[in-house]
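Notes for the structure review
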Amino acid sequence: MTIRLTQLFARIGCAMMAVAGLLAMALPAAAETPSQKADALLSGLIETNDPGLAVLVAQNGKILFEKCYGLADREHHVPVIPQTTFRIGSIGKQFTASAILKLQEKGKLSVNDKLSKYIPDFPRGDEVTLRHLLTHTSGIHSYTEKDGFMGRVTSAIKPDDLINSFKNDPYDFDPGKKWHYDNSGYFLLGRIVEKVSGQSYGDFLQKNFFQPLGMTNTGVYRAHSGLPHEALGYSFEGGVFTNAVNWDMSWAGGAGTLYSIVEDLFRWNEGVFNGRVLDAASLKAAFTPVKQFENQLNSDSGYGFGWFINRHRGLREISHGGGLEGFLTHLLRVPDEKFTVTILANAMPGRTNAIPLILAQQLVDIYLADKLAPLPIVNTNVSPSSYEGLTGRYGPWLAGVNLTISKGGTHLYGQIAEGPEMGPEAELFPNSDTEFFSKTGAQITFVKDTSGKVVKIIVHGTVLFWGEVDLVAPRVNDTKGH
């Protein structure tokens with residue numbers, strides 16, 4: 001499926017590139033303590049009768065802030081409470097990756113195994129490893145991007161039938177050559193967990209993760225299961241909230257079929273980062289960004305096994321978001337500060353000032369203000385006359401997304417586009433003659449060849465719903481100024 005800029009969100013398998021400065025909001029300045037600032041930030045976001053948010057902030061194993069806003073069920077005016085369960089979408093990928101790593105620790109499989117070992121008739125399965133599936137580098141086409149996908153998700157499907165529906169699709173690229181977010185890979189991994197363990201995906205997670213960590217309100221979502229505090233999903237379009245398309249979560253599998261609550265996700269982060277889920281070697285592998293054949297960027301940011309690894313104003317973050325119709329979520333860890341933020345929302349798309357990823361970063365800014373690197377400053381020695389050599393169209397990145405750099409008078413601008421649809425312009429300010437930033441810190445580095453011509457850019461920005469990552473895009477053509 002294709003997601004357009006006007007929606008500003010990612011469904012479970014296709015994410016939009018969004019420079020952080022286009023969506024960030026000003027932090028409240030008048031409140032005193034971090035928790036007062038957090039509440040001041042969040043309390044004004046949810047209007048009367050809006051779907052809601054559940055928010056938790058913790059550090060050193062202790063909850064610093066936990067509060068809920070808005071409604072879990074608009075029709076019956078049921079408020080969101082800490083026990084409210086939300087479908088968490090692609091946050092679940094870290095659970096799938098952890099299940100694969102746990103099976104590797106038990107000697108049941110290896111991440112270097114070929115896909116053909118577990119699904120013998122999968123085309124080119126002897127070229128694809130489990131590592132490729134874990135890191136979104138297999139090239140297998142994502143089933144959530146297939147035409148007509150959304151028209152089918154409300155009815156149940158058997159796992160092998162879903163795999164059969166995409167296994168003969170042409171590969172997007174040769175295995176290992178590129179990175180492209182891919183739900184097919186994680187659905188396959190979920191099925192492999194079942195084949196190797198002899199248990200259902202949900203039972204394996206319950207026995208190995210949820211029960212040992214005390215995650216009593218987390219599991220595989222099933223329709224009509226009677227969860228006592230279930231949040232219903234909504235979509236905000238045309239200025240009104242309506243009931244969202246209600247997925248049958250058999251379509252998500254290992255790519256994002258779970259539900260949870262904020263406290264359980266806090267327990268999960270405490271378990272993962274304190275070594276109670278996986279051993280040190282597994283965690284090191286999971287938190288090492290993959291390098292692809294066509295992008296050997298020397299960066300500590302990127303995608304590992306089920307987690308995004310990035311930096312926010314100097315702080316290393318390990319995180320993942322989730323999104324499907326009706327639900328938008330984010331779980332973040334700043335490991336060096338033993339700091340967790342989790343935000344669960346029951347609207348996707350929702351109001352643009354209530355995006356969990358952006359709010360999570362703002363809560364980091366509030367609680368860890370004294371740990372943040374300073375924002376870049378404008379270098380007034382850079383002459384606007386040098387901007388001409390920077391203008392052009394760069395891309396594509398994800399799902400056909402491009403960035404156009406243009407000059408207007410003495411100013412430089414960036415504008416995101418997906419196909420014919422253009423996002424708003426954001427002014428870019430020089431930190432040097434090749435490094436620029438937006439008002440809220442999204443950064444662009446222009447890379448030149450030996451002749452001095454700009455041939456590509458590196459963007460450190462925000463990909464909804466994943467977090468801040470480094471992306472490389474070649475220069476496609478030149479553009480004229482305003």
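Each remark here, short or long, concerns the structure printed above.
The sections below set out a description of the structure shown in this document. (Residues numbered from 1 in each chain as written. Predicted model: local features only at pLDDT ≥ 70, side-chain atom pairs only at ≥ 80, totals over all residues. Heavy atoms only, no water.)

Topic: the overall build of the protein chain
What counts here: Secondary structure elements are taken from DSSP: a helix is a run of H or I of four residues or more, a strand is a run of E of two residues or more, and numbering for both begins at the N terminus. Only protein chains enter the calculation, and the probe is 1.4 Å; a residue is then buried if its accessible area is under 20% of its type maximum, exposed if over 50%, and partly exposed in between. Any pair of residues with heavy atoms lying within 4.5 Å of one another is described as a contacting pair. Using a 1.4 Å probe, accessible areas were evaluated by the Shrake-Rupley method; residue-level cover was limited to the displayed protein chains.
When you go through the protein chain residue by residue, the secondary structure sums to ten helices and 23 strands. Taken over 482 residues, the protein chain has a buried fraction of 59%. Of the contacts formed within the protein chain by residues at least 6 apart in sequence, a portion of 65% connects residues at least 24 apart. With an accessible surface of roughly 18,900 Å², the protein chain has 49% of that area assigned to carbon and sulfur atoms.

Details of the sheet that holds strand S10 (residues 258–260)
So the rule is basically this: Following DSSP output, two strands are said to pair if at least two bridges run between them.
Strand order in the open sheet made by the three strands is S6-S10-S7, with antiparallel pairing throughout. Single-partner strands in this sheet number two, and they are strand S6 (86–87) and strand S7 (219–220). Strand direction decides the pairing type here: S7 and S10, joined by two bridges, are antiparallel. Residue pairing in the sheet places Gly-219 in a bridge with Tyr-259 of S10.

Structural notes on the pattern of salt bridges
This is how the line gets drawn: Here a salt bridge means any side-chain nitrogen of Lys or Arg lying within 4 Å of a carboxyl oxygen belonging to Asp or Glu.
Within the structure shown, the criterion is met by 15 salt bridges. Its salt-bridge partner being Lys-102, residue Glu-105 comes within 3.6 Å of it at the nearest N-O pair. With Glu-105 and Lys-102 both in helix H3 (residues 93–105) and three residues apart, the pair spans about one turn of that helix. For Arg-191, the salt bridge identified is with Glu-194, shortest N-O distance 2.9 Å. With Arg-191 and Glu-194 both in helix H6 (residues 183–197), this residue pair falls three residues apart, about one helical turn.

Details of the nonpolar core
For the record, the criterion: By nonpolar core is meant a set of buried Ala, Val, Leu, Ile, Met, Phe, Trp, Tyr and Cys residues that side-chain atoms within 4.5 Å join together.
The biggest cluster of nonpolar side chains holds 81 residues, and the ones touching the most others in it are Phe-95 and Trp-268. Contact partners of Trp-268, with chain neighbours within four places excluded, come to Gln-94, Phe-95, Ser-98, Phe-209, Leu-213, Met-215, Val-277, Trp-307 and Leu-331. The next biggest cluster of nonpolar side chains, apart from the first, holds 26 residues, and it includes Leu-53, Leu-315, Ile-343 and Leu-359.

Points about the environment of Ser-43
Of note, Ser-43 is situated in helix H2 (residues 34–43). For the pair Ser-43 and Cys-68, spaced 25 residues apart in the sequence, the C-alpha separation amounts to 9.1 Å.

Quick word on the packing of aromatic side chains
Selection criterion: In this analysis, rings of Phe, Tyr and Trp, with Trp reduced to its six-membered ring, are considered paired at centre separations within 6.5 Å, and the interplanar angle assigns stacked below 30 degrees, edge-to-face beyond 60, and tilted for intermediate values. We count a charge as sitting over a ring when the NZ of a lysine or the CZ of an arginine lies within 6 Å of the ring centre and within 35 degrees of the ring normal.
On inspection of all chains with the given rule, the structure shows 22 aromatic pairs. Their ring planes at 45° and their centres at 6.1 Å tell us that Phe-339 and Tyr-367 sit as a pair that is tilted. Residue Phe-339 is found in strand S15 (residues 339–345), and its partner Tyr-367 is found in helix H10 (residues 356–367); the two are separated by 28 residues along the sequence. By relative accessible area, which is 0% here, Phe-339 ends up buried. For Tyr-367, a relative accessible area of 13% corresponds to the buried category. Members of the aromatic cluster, each reached through a chain of ring pairs, are Phe-122, Tyr-143, Phe-149, Phe-166, Phe-187, Trp-247 and Trp-251. Of note, Arg-74 hangs over the ring of Tyr-234, and the distance from its end group to the ring centre comes to 5.7 Å. Positioned over the ring face of Tyr-171 is Arg-124, at 4.7 Å from the centre of the ring.

Re the packing of helix H5 (residues 159–166) against H6
Quick note on the threshold: Fitted lines through C-alpha atoms serve as axes, helices being fitted only where they are in contact, and the angles separating the N-to-C directions of these axes extend from 0 to 180 degrees. Crossings are classed by handedness, with left-handed meaning an anticlockwise turn of the near helix from the far one by less than a right angle and right-handed meaning a clockwise turn. Residues are grouped as follows: Ala, Val, Leu, Ile, Met, Phe, Trp, Tyr, Cys and Pro are nonpolar; Asp, Glu, Lys and Arg are charged; all remaining types, including Gly, are polar.
Their axes nearest at 11 Å, the elements H5 and H6 cross at an angle of 145°. The interaxial crossing formed by H5 with H6 has left-handed handedness. Contacts from Pro-159, Asp-160, Leu-162, Ile-163 and Phe-166 of H5 reach H6 at Ser-184, Phe-187, Leu-188 and Arg-191. For the contact of H5 with H6, the per-class residue count stands at six nonpolar, one polar and two charged.

Read these as spatial facts, not as claims about activity.
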